[in-house]
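Architecture at a glance
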Amino acid sequence: MFGLPIAGWAQVGSPSGAFINIGFVGIADAGWSTEPDVGSLQLGDHDPRVRGFTIPNMELTLNGAVDPYFQGFASIIYKLDEEGETGVELEEAFFLTTSLPGNLQVKGGQFFGEFGRQNTQHPHAWAFVDQPLVLGELFGPEGLRGQGMRISWLAPTSWYTEAMLSVLNSAGGTAFSFRSEESSVIHGGAPDERAVDGLGDLLLVPRLTTSLDLTATQTVVVGASAALGPNNSGPDADTRIFGADVYWKWKSLTAFQGFPFVSFQAEALVRRYGAASRESVDDPLVTLPTETLRDRGTYAELLWGIKPRWVAGTRGEVVRSESATYASALRTDRYRISPSLTWYPSEFSKLRVQYNLDHREAIGTDHSLWFQFEFIMGAHAAHRF
Amino acid sequence: MKKLIPKLLSLAWLASWAIAAPVAGQLRVVATTPDLGALAKEIGGDRVDITALAKPTEDPHFVDARPSLIVTLNRADMLIEGGAELEIGWLPALLQGVRNTKIAAGAPGRVSAASGVAMLDVPASLDRSRGDVHALGNPHFMLDPVNVRLIAAEIANHLAQVDAASAEQYRSNLQRFNERLDAKLTEWQAQLAPFRGAKIVTYHRDFVYLAARFNLEVATTLEERPGIAPSPAHVAQVISTMREQNARVILVQPYQNRRTAETVARQTDAVVLDMPQQPGVAQNTDSYFTLMDYLVHTLAGALGQGR
């Protein structure tokens with residue numbers, strides 16, 4: 001292969017990187033809320049959970065080339081719960097192919113389902129202290145995640161277009177709207193023990209995304225996603241979630257360390273949860289009727305990278321649920337407004353302050369103020385757009 | 001509506017060809033930064049179609065991994081990167097989705113410029129309390145023509161492997177380039193020779209190779225440590241160092257904080273000099289030689305005035 005027509009140097013200089021890149025991201029939150037039960041207010045598992053201090057996410061990341069055909073990634077999360085007990089979570093661990101023909105790529109293992117924009121992002125990539133309400137309500141505290149495979153195809157167009165299909169197991173807490181043992185918080189019934197009888201009992205997550213550089217300084221990415229699979233309110237019940245997402249960014253032509261910039265991100269999701277006739281968990285003598293639980297929600301966030309190391313942001317969110325026989329605390333109509341300010345002492349640390357004005361229908365308005373500190377050690381991360 | 005869809009599709013198809021197709025038979029060479037692209041153009045000549053991922057005016061450490069760049073890399077026949085972690089914050093994220101074995105690490109279509117250069121500023125220990133240090137050394141080596149000579153040979157070598165039919169052309173282009181570079185280097189050295197030992201100040205440590213080659217001395221940098229913004233105490237230190245050492249020229253790139261440089265310049269009777277390292281930022285600097293001519297001429301002019 002290397003019949004050298006011109007003498008060149010052998011690639012023997014100092015090696016770049018190691019066989020495995022190791023990184024560690026630590027996030028610590030501190031703050032106060034007018035709601036004493038902070039956990040009832042914050043839907044995300046990596047959100048601040050109590051008045052005072054929370055260690056929501058201490059993440060060990062590992063990645064590297066496996067061989068010429070695969071890359072490997074893992075992120076292992078350590079966190080402390082409200083009682084100070086340590087929890088460990090294999091958040092993601094997957095391989096990615098590098099050399100399939102036909103512009104195809106396969107991912108396999110445990111990973112975030114490619115739905116929308118924020119679902120696949122790890123907490124340190126979020127622009128706010130907490131995850132959007134609509135993601136918490138529809139995907140649960142840990143996001144849409146699971147064991148499975150994903151195939152992706154990069155279209156041979158001159159602009160970026162990628163089509164993806166993830167096939168995941170439909171059970172577990174990270175398949176919250178599907179066969180999750182915690183699904184009674186949504187529909188109020190005792191979960192049905194459903195077996196996997198066919199491909200239709202798996203969770204399918206298709207996604208189509210495309211991007212254009214509008215000008216030399218502006219780029220937009222749009223996407224449409226769905227998550228389709230069985231739920232365990234009954235033997236034949238299923239859930240459909242649809243989403244649309246947009247991300248737009250302007251960055252100065254003479255940006256220094258990535259600043260100044262302005263970005264806008266929004267996602268809108270709808271869920272049709274087909275609840276079967278089911279035995280109420282509150283009262284086994286009561287049977288809840290067959291019904292469709294309809295929920296929708298959206299968030300939009302605007303970030304302004306004012307000057308190097310300073311980002312001001314604001315996020316607005318709304319979630320709406322149509323009423324059902326079971327009054328789920330999770331399916332509460334709600335809106336939240338969150339201004340934030342982030343300062344990066346360097347590329348490897350950040351300090352954030354965020355205020356949440358949080359209104360829950362029939363409960364009232366709460367105010368929360370959160371501070372967040374983040375530190376990164378080890379391998380230099382590369383960030384996706 | 002029925003008529004509109006085929007129309008749109010055919011337009012889209014046309015657009016995809018109009019934008020994407022280089023002149024028939026040309027190699028699609030992608031360089032991470034425009035200076036590497038300009039160098040590849042010298043060697044590839046009319047056999048190559050060059051695209052640079054970073055814009056000439058932006059900080060090459062912080063390029064956004066825009067999806068359009070994935071498409072560019074997906075179609076590339078060759079990728080030339082600076083290496084030494086210059087692009088570490090964005091290139092790996094792009095390559096993850098690129099699915100192009102022609103530019104995989106170790107393939108003939110992948111050139112890492114840093115791997116053959118004698119690196120400066122190689123850290124003795126990997127310690128980020130010293131700033132964003134690069135494990136392999138300072139990646140801003142393109143301003144030393146001797147490094148450029150090495151990199152040009154490496155590019156020619158890879159081009160000849162990827163496109164063996166034109167190997168002879170690459171070889172003769174390289175030879176012509178080297179002859180011109182040797183002549184130019186003598187000329188540039190002569191222009192800067194009167195300023196041997198002169199002190200310059202830079203924002204980032206991005207002119208150390210230029211200084212080393214032309215016997216200038218980087219007295220201090222406005223940045224406290226690589227990637228760490230200057231504190232007021234550090235700025236005061238810079239001012240006193242400049243006064244002590246009689247440093248009268250501050251070199252800045254288009255993306256760096258010119259205001260800090262101007263503040264310091266006012267207090268030290270120095271000049272702020274725009275020294276864009278990438279081709280095409282200053283007028284008539286599109287090629288490697290016109291860019292270097294411009295930089296050397298500009299620097300010699302400013303150093304001459306400061307005497």
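Conventions used here
- Residues numbered from 1 in each chain as written.
- Chains lettered and ligands numbered in written order.
- Predicted model: local features only at pLDDT ≥ 70, side-chain atom pairs only at ≥ 80, totals over all residues.
- Heavy atoms only, no water.
- Pairing = 2+ DSSP bridges.
- Helix = DSSP H or I, 4+ residues; strand = E, 2+ residues; numbered from the N terminus.
- Axes fitted to C-alpha atoms, helices over the stretch in contact; angles between N-to-C directions.
- Buried < 20%, exposed > 50% of the residue type's maximum accessible area, 1.4 Å probe, protein only.
- Contact = heavy atoms within 4.5 Å.
- Polar contact = N/O pair within 3.5 Å; in protein donor to acceptor, adjacent residues only side chain to side chain.
- Core = buried A, V, L, I, M, F, W, Y, C linked by side-chain atoms within 4.5 Å.
- Domains from an automatic or database assignment.
- Buried area = accessible area lost by both parts, 1.4 Å probe.
- Salt bridge = Lys/Arg side-chain N within 4 Å of Asp/Glu carboxyl O.

1. Re the sheet that holds strand β1 (residues 27-31) of chain B
Residue and element names in this part refer to chain B. Taken in spatial order, the four strands line up as β2-β1-β3-β4 in an open sheet, and their pairing is parallel. Looking at strand neighbours, the two that pair on one side only are β2 (48-52) and β4 (110-112), the edges of this open sheet. In this sheet, adjacent strand axes meet at a mean angle of 20 degrees when their direction is disregarded. Bridging between strand β3 (residues 78-81) and β4 involves three bridges; their strand directions are parallel.

2. What to know about the environment of Glu-224 of chain B
All names here are of chain B. Following the sequence through the fold, Glu-224 ends up in the loop between β6 (217-221) and α8 (232-245). Given a relative accessible area of 31%, Glu-224 falls into the partly exposed group. Taking the C-alpha atoms as reference points, Glu-224 and Tyr-203, separated by 21 residues in sequence, lie 9.1 Å from one another. With residues near it in sequence (within four places) discarded, Glu-224 still touches Ala-229, Pro-230, Ser-231 and His-234. Within the local environment of Glu-224, its side chain forms a polar contact with the side chain of Ser-231, the two groups lying 3.1 Å apart.

3. Some remarks on the sheet that holds β6 of chain B
Picture the strands of a sheet paired through backbone hydrogen bonds; they go either parallel or antiparallel. Residue and element names in this part refer to chain B. In spatial order, the strands read β6-β5-β7-β8; together these four strands make up an open sheet with parallel pairing. Strands at the two margins of the open sheet, each flanked by one partner only, are β6 and β8 (271-274). Averaged over all neighbouring strand pairs, the angle between strand axes comes to 35 degrees, with direction disregarded. The pairing of strand β5 (residues 199-202) with β6 spans four bridges and is classified as parallel. By the bridge assignment, Lys-199 is partnered in β6 with Glu-217. Along the sheet, helix α10 (residues 288-305) makes contact with β5, β7 (249-252) and β8, crossing β8 at roughly 170 degrees.

4. Digging into the nonpolar core
Core analysis: the largest hydrophobic core is formed by 59 residues, its most contacted members being Phe-141, Ile-155, Leu-159, Phe-177, Trp-188, Leu-299 and Leu-303 of chain B. If you list the elements that add at least two residues to this core, you get β1, α2 (34-44), β3, α5 (145-162), α6 (167-192), α7 (208-213), β7 and α10 of chain B. When residues of this core are assigned to their parent elements, the largest contribution, ten residues, is made by α10 of chain B. Counting contributing residues per domain, this core is built from domain 1 (17-118 + 135-186) and domain 2 (192-305) of chain B, each supplying no fewer than three. Contact partners of Trp-188 of chain B, with chain neighbours within four places excluded, come to Pro-145, Leu-181, Phe-214, Tyr-288, Phe-289, Met-292, Asp-293 and Val-296 of chain B. Core analysis: the second largest hydrophobic core is formed by 22 residues, Val-134, Ala-175, Ile-241 and Tyr-299 of chain A among them.

5. So, the domain arrangement of chain B
Residue and element names in this part refer to chain B. For chain B, the assigned domains are domain 1 (17-118 + 135-186) and domain 2 (192-305). The C-alpha centroid of domain 2 is placed 26 Å from the C-alpha centroid of domain 1. Tallying the contact residues gives 27 residues for domain 1 and 22 residues for domain 2. Summed over both partners, the interface of domain 1 with domain 2 comes to about 2300 Å²; 64% of that surface belongs to carbon and sulfur atoms. Contact with domain 2 buries area across many residues of domain 1, yet Asn-138, His-140 and Leu-143 alone supply 30% of it, more than any other trio. At the junction of domain 1 and domain 2, the tally comes to two salt bridges. In this structure, the salt-bridge partner of Asp-293 is Lys-184, at a minimum N-O distance of 3.0 Å. Our count for the domain 1 to domain 2 interface comes out at eight residue pairs in polar contact (both at pLDDT 80 or more). Every element with two or more residues in the side of domain 1 that touches domain 2 is listed here: α2, α5 and α6.

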